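Structural overview
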Amino acid sequence: MKKTLLFSIFCILFFSCKKEKVIGVISETAMVVSAREEVSNIGNLILKKGGNAFDAMAGMELALAVAYPYAGSLGGGGFMVYRLEDGTIGSLDYREKAPLAATKNMYIDSITGNIIPDKSTLGAMAVGIPGNIAGIFASHEKFGKLPMSEILTPVIALAKKGVIVTEKQQKRLEKYRDGFLKVNDSNFFLAKAWKANDTIKRVQLAKTLERIKLNGRDEFYKGESAQILVDFMQKSGGIMTLEDLAAYDVKWRTPITFMYDDLRVISMSPPSSGGICLAEIMKAIEPYELDKFGHNTVKSIQLITEAERRAYADRSFFLGDPDFVTIPTETLLSDDYIKERMSSFSFEKATPSTEVSHGNIEIVESDETTHYSIVDPFGNAVSVTTTINGAYGSKLYCEELGFFLNNEMDDFSSKPGVANSYGLIGAEANSIAPEKRMLSSMTPTIVEKNGNLYMVVGTPGGSTIITSVLQTILNVHEYNMGMQEAINQPRFHHQWLPDEIRMEPNKFDEKLQKKLENLGYIINTERTPIIGKVEGILILPDGKLEGGADPRGDDKAVGF
């Protein structure tokens, strides 16, 4: 009797203390995940109308410009990785480009030799030639099913109706109000004291989208909108011309692919550093029994940190726009090279970044990007990361067209060896040149398992993008988590320089942090309070889809 009673008490205590498994949105047929519910709803609507992932991509990209101006805009650019139903893969580079009048030393004071403060981050001189409109039209022309007019209709309706301000959005607007007023008129509409539950209507943006609906891609690059944009940019002190816009083109690229256990990882190639860095890190840790080390333990954090340190050192020196520089991709991803890179690693102590070549350069890149993931009813998958770089880009807003302009020029190495606004250092490979694309950390990724579609994942987060995507994939594969559970986990990051492990505050045990410090690691829980906002889709064993949306933002998964 006593034994039975004790066993019953044990069962009650065990099961009441056991954490309930977190599960994301489950759907039978299709799934979209993005930074805002309004954006996901438009993607879902397009798929329900019979559109495919590429139709949804166009609608969601434009809807982000309406609902999420923090990182979405007609004035930005991005990368798409795709996998068709038959297993065909590819990627699209619609990253911004430097204007024709750009020069290598355009941000350097000719007298002092120092970088001119704010010139590459704030206002018209920070702006690269936008690629978003060219990107969605190129994708749609190659793979789309629905007419572009049908895709644009709900986006225009959303712009006219307006978007309700969330509490997180209110805080963002308050934080950047002073920045808005540095480069825009004092009556700039987003600089007013917007509160949660207010509605922001985007009337001018709706008019721009209506012209694009009528005239197509050329409206933005050669039409009335192009002329308005160039006039505005030159009036604001910029160097963008009609020739710049007319000359803009996208690039279809071959993705970076590699194996990790029984997974085939498909990610973005340069000028994104994401795929190469992700491959270097995962290939470096693959020989170790990460699952046995345990999730976010001292040993697993050590191993991942040291692999990240070496990959980011290589990133800073070797990577840039492949149309301008030769990148030794084959060598960087070879087993012998990676084995040699990890030969100095020991669980006994940290490897100081001063002892890890390459670089002498620190990486700084905007955290304020956005990502969306799509799986359509036909089995196509799309992973897209898009950005205007900093929060609200250059803060410069074209009232007549209704959108912010990027400050993507800061992602070049303005002065090789000097960190950009996010602490990322770059080398000659990423120096400024006319029509060159700036290096990025964006890592839109698709994962196959045993030849079948398994995951679609990506995130914003600047230099932390690569490590956030990495940890999400590992959480699913090594630690048997679902997508939402994997996304919810606390994250850490190391980027070679500065030589520190960034950890999300109040998420990691103090004893664990102390053990890492005793091994020679510097812990920083203040620099990056939020590491990534991952949007992921996992194909479950029964064929259903689990959409995971990051609780760190207003993100939303929607499916049917």
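The structure this text deals with has already been given above.
As a starting point, this report considers the structure included with it. (Residues numbered from 1 in each chain as written. Predicted model: local features only at pLDDT ≥ 70, side-chain atom pairs only at ≥ 80, totals over all residues. Heavy atoms only, no water.)

**Structural notes on the overall build of the protein**
What the protein contains, in helices and strands, is 18 helices and 21 strands. Expected size for 560 residues packed as a compact globule is a radius of gyration near 24 Å; at 23 Å, the protein falls within 12% of this value. When its C-alpha atoms are laid out on the principal axes, the protein stretches across 85 × 55 × 45 Å. Sequence separation of at least 24 residues holds for 74% of the intrachain contacts in the protein that already meet a minimum separation of 6. For the protein, the accessible surface area stands at approximately 21,200 Å², while carbon and sulfur atoms represent 52% of it. Across the protein, 61 positive and 72 negative side-chain charges occur, with their mean positions spaced 4 Å apart. (Helix = DSSP H or I, 4+ residues; strand = E, 2+ residues; numbered from the N terminus. Rg over C-alpha atoms; globule rule 2.2 N^0.38 Å. Contact = heavy atoms within 4.5 Å. Areas by Shrake-Rupley, 256 points an atom, 1.4 Å probe, with all protein chains shown as cover. Lys, Arg positive; Asp, Glu negative; His and termini not counted. Charge placed at Lys NZ, Arg CZ, Asp CG, Glu CD.)

**Remarks on the environment of Lys556**
Within the secondary structure, Lys556 is located in strand E21 (residues 556-559). When the C-alpha atoms of Lys556 and Ala35 are compared, they prove to be 6.3 Å apart, with 521 residues separating the residues in sequence. Leave out the neighbours within four places in its chain, and Lys556 touches Val32, Val33, Ser34, Arg36, Glu37, Ser40 and Ala549.

**Description of the packing of helix H11 (residues 274-285) against helix H13 (residues 298-318)**
Here H11 crosses H13 at 145°, and the two axes come no closer than 9 Å. Crossing hand, H11 versus H13: right-handed. Facing Cys277, Glu280, Ile281, Ala284 and Ile285 of H11, the residues of H13 in contact are Leu303, Ile304, Ala307, Glu308, Arg310, Ala311, Asp314 and Arg315. Its residues assigned to classes, the contact of H11 with H13 comprises 8 nonpolar, no polar and 5 charged. (Axes fitted to C-alpha atoms, helices over the stretch in contact; angles between N-to-C directions. Left-handed = near helix turned anticlockwise from the far one by under 90°. Nonpolar A, V, L, I, M, F, W, Y, C, P; charged D, E, K, R; others polar.)

**Here we look at unusual backbone geometry**
The bulk of non-glycine residues show a negative phi, and the bulk of peptide bonds are trans. Cis geometry is adopted by the peptide bond preceding Pro271, which originates at Pro270 and carries an omega value of 20°. Among the secondary structure elements, Pro271 is positioned in the loop between strand E9 (263-267) and H11. Omega for the bond connecting Leu497 with Pro498 falls within 30 degrees of zero, at -5°, which places this linkage in the cis form. One non-glycine residue, Asn197, lies in the positive phi region at around 80°. As for its position among the elements, Asn197 is in the loop between helix H6 (167-183) and strand E6 (199-200). On the basis of relative accessible area, Asn197 is assigned to the exposed category, the value being 65%. (Buried < 20%, exposed > 50% of the residue type's maximum accessible area, 1.4 Å probe, protein only.)

**Topic: the packing of aromatic side chains**
In this structure the tally under the stated criterion is 27 aromatic pairs. Taking 6.3 Å as the distance between ring centres and 80° as the angle between the ring planes, the aromatic pair formed by Tyr82 and Trp252 counts as edge-to-face. Of this pair, Tyr82 sits in strand E3 (residues 77-83) while Trp252 sits in strand E7 (residues 251-253); the two residues are 170 residues apart in sequence, bridging distant segments of the chain. Here the aromatic cluster, defined as three or more aromatic residues joined through ring pairs, consists of Tyr68, Tyr70, Tyr176, Phe180, Phe188, Phe189, Tyr392, Tyr397 and Phe404. Across from the ring centre of Trp252, 4.1 Å away, lies the NZ or CZ of Lys142, which sits over that ring. The aromatic ring of Phe347 is capped on one face by Lys299, whose charged end is 4.6 Å from the ring centroid. (Phe/Tyr/Trp six-rings, centres within 6.5 Å; stacked < 30°, edge-to-face > 60°. Lys NZ or Arg CZ within 6 Å of the ring centre and 35° of its normal.)

**Digging into the pattern of salt bridges**
Throughout the structure, instances matching the rule amount to 30 salt bridges. As a salt-bridge pair, Glu428 and Lys104 come within 2.7 Å of each other at their nearest N and O atoms. Placement of Glu428 in the loop between strand E13 (403-404) and strand E14 (445-449) and of Lys104 in the loop between strand E4 (89-94) and helix H4 (132-143) is noted, with a sequence separation of 324 residues between them. Here Glu517 and Lys514 are joined by a salt bridge, their closest N and O atoms 3.5 Å apart. (Salt bridge = Lys/Arg side-chain N within 4 Å of Asp/Glu carboxyl O.)

**Here we look at the sheet that holds E3**
The strand order E7-E4-E3-E11-E10-E2-E21 describes an open sheet built from 7 strands, whose pairing is antiparallel. Only two strands of the sheet have a single neighbouring strand rather than two, namely E7 and E21. Direction aside, neighbouring strands of the sheet carry axes that sit 15° apart on average. Sheet topology places strand E2 (residues 31-34) next to strand E10 (residues 369-375); 3 bridges connect them, and they run antiparallel. When the bridges of E10 are listed, Met31 appears paired with Val375. (Pairing = 2+ DSSP bridges.)

**Brief notes about the side chain of Thr369**
As for its position among the elements, Thr369 is in strand E10. Polar contacts involving the side chain of Thr369 include one to the side chain of Thr387, which spans 3.4 Å. (Polar contact = N/O pair within 3.5 Å; in protein donor to acceptor, adjacent residues only side chain to side chain.)

**As for the nonpolar core**
With 86 residues, the main nonpolar core has Leu74 and Ile374 as its most contacted residues. With 12 residues, the top contributor of residues to this core is helix H3 (residues 53-67). Filtering out sequence-adjacent residues up to four positions away, Ile374 remains in contact with Met31, Val32, Leu47, Ala53, Ala56, Met57, Met60, Asn380, Ala381, Val382, Val456 and Ile537. Residues Leu278, Ile281, Val356 and Leu516 belong to the second largest nonpolar core, which totals 79 residues. (Core = buried A, V, L, I, M, F, W, Y, C linked by side-chain atoms within 4.5 Å.)

**Examining the pairing of E2**
Here E2 shows a buried face lined by Met31 and Val33 and a second buried face lined by Val32 and Ser34. Inspection of the sheet shows E2 paired to E21 by 4 bridges, in the antiparallel sense. The partner of Val33 across the bridge, within E21, is Ala557.

**Observations regarding H4**
At 3.6 residues per turn, the α-helix brings residues three or four places apart onto the same side. With 12 residues, H4 extends 17 Å between its outermost C-alpha atoms, agreeing within 8% with the 16 Å of an ideal straight helix rising 1.5 Å per residue. Among the 12 residues in H4, 10 count as buried, and that is most of the element. Those residues of H4 not exposed but buried are Asn132, Ile133, Ala134, Gly135, Ile136, Phe137, Ala138, Ser139, His140 and Phe143. (Expected span 1.5 Å × (residues − 1).)

**Focus: the environment of Ala206**
Here Ala206 lies in helix H7 (residues 203-215). Residues Ala206 and Lys160, spaced 46 residues apart in sequence, show a C-alpha to C-alpha distance of 6.3 Å. Not counting chain neighbours up to four residues away, the residues in contact with Ala206 comprise Ile156, Ala159 and Lys160.

**Focus: H13**
Here H13 spans 30 Å end to end across 21 residues, near enough to the 30 Å set by a 1.5 Å rise per residue. Counting buried residues along H13, 18 of its 21 residues qualify, which places the element largely inside the surrounding structure.

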